[in-house]
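For reference, the chains in residue letters:
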Amino acid sequence: MKNRVVIGSRESRLAVIQSEMVRDYIVSRNPGLEVEILTMKTTGDKILNQALEKIGGKGLFVKELDCALLEKRSDLSVHSLKDVPMELPGELPLVGFSRREDPRDVLVLPEGASEIDFSKPVGCSSKRRMIQFQQLYPQAVFQTIRGNVQTRLRKLDEGQYSATILAAAGLKRLGLEHRISRYFTTEEMIPAAGQAILAVQGRAEDDFEFLQGYSDKEAEVCALAERAFVRALGGSCSTPVAAFARVEGETLSLNALYLDEEKGNLHTGRKNGSIREAEQIGRDLAEQFLRE
């Protein structure tokens, strides 16, 4: 059993809070185990003037954390699961999934505003969100917004944008729930695969006894279905694709959306099945979309 565990984290306030949540769990279950957080700036945090898909996608937020694990400078990485690439190196598996926080997307307006001023652009960099937001507000126009949550809120409050769309989970973890102007249901705005779940990543050869009991079974099953769906479409974290699974008893229900950018076809659909077939449900729904 280790006597010291180092958790690798991005520098942003939200990333550190999320890493602290995992640290606090480990410390509460393993008295005497020393747990520290090693923060680092990732490539995705450094390049803020270009759209993510133009510079390599969300994988840029995990590259440096992966290097720290491989070089044994850290023992774990904590990620928002929606930022984790669909294909992972075999030597760096996901070893824990948190209970899912609120999975919904939310509308955030400038401080003091009560409705969207459509003479200004909506700050959004996610094609998934843009497609679904435009179905609700056809008059909306968009402009890329990058940076951590606080940076986006500052740009919004300075008047650069009429609104922005963020994940409820991040705002709640940051104690910024009061900034939420409207919650979108998961039908109005299907979340990104893995949204609101924290993923813990480690080295394949290590023992993770100190994490025992951390993984939430329901979140893990939902994550498997959602990620299998995106993977089967050949998608990445920046592809216009959405997937959200729910569990009721032994049944898993997967609701998804996919835009075929080449043909311009938008697919939406749902598939149900046994929780034991989570990944197969994801693959089957993806194949149905590809056939259509």
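Preceding this section is the structure that the text describes.
Presented here is a report on the structure given in the accompanying data block. What you see is a predicted model; the values in this text were computed from it and never measured. Sequence positions are assigned chain by chain, starting from 1 and proceeding in written order. For this predicted model, a pLDDT threshold of at least 70 governs which residues receive local features, and a threshold of 80 or more governs which side-chain atom pairs are given and counted, while totals over whole chains, interfaces and linings are taken from all residues. Computation of side-chain values covers all heavy atoms of the structure but excludes hydrogens and water.

### Side note on the nonpolar core
By convention a nonpolar core is built from buried Ala, Val, Leu, Ile, Met, Phe, Trp, Tyr and Cys residues, the set being connected through side-chain atoms within 4.5 Å. Each residue is assigned to one of three classes by its accessible area relative to the maximum for its type, calculated with a 1.4 Å probe on protein chains only: buried under 20%, partly exposed between the two thresholds, exposed over 50%. One finds Phe-229, Leu-252 and Leu-254 to be the most contacted residues of the largest nonpolar core, which totals 21 residues. Each helix is a run of DSSP H or I of at least 4 residues and each strand a run of E of at least 2, with the numbering of both proceeding from the N terminus. Elements with a minimum of two residues in this core: helix H8 (217-232), strand E11 (241-248), strand E12 (251-260) and helix H9 (278-291). Aside from chain neighbours lying at most four places away, what touches Phe-229 is Val-241, Ala-242, Ala-243, Leu-254, Ala-256, Leu-257, Tyr-258, Gly-282, Arg-283, Leu-285, Ala-286 and Phe-289. The criterion used for residue contact is that any of the two residues' heavy atoms lie within 4.5 Å.

### What to know about the pairing of strand E2 (residues 34-40)
By this definition, two strands are paired if DSSP reports at least two bridges between them. Strand direction decides the pairing type here: strand E1 (residues 4-10) and E2, joined by 7 bridges, are parallel. Note on E2: the bridge partner recorded for Arg-10 is Met-40.

### Quick look at the sheet that holds strand E8 (residues 163-167)
Strand order in the open sheet formed by 5 strands is E7-E6-E8-E5-E9, with mixed pairing between adjacent strands. Each of the sheet's edge strands pairs with one partner strand only, and the pair in question is strand E7 (142-143) and strand E9 (180-183). Axes, fitted as lines to C-alpha atoms, cover a helix only where it is in contact. Angles between the N-to-C directions of the axes lie from 0 to 180 degrees. Packed onto the sheet, helix H5 (residues 127-136) meets strand E5 (105-108), strand E6 (122-123), E7 and E8 and runs at close to 120° relative to E8. Contacting E5 and E8, helix H6 (residues 149-157) runs over the sheet at an angle of about 165° to E8.

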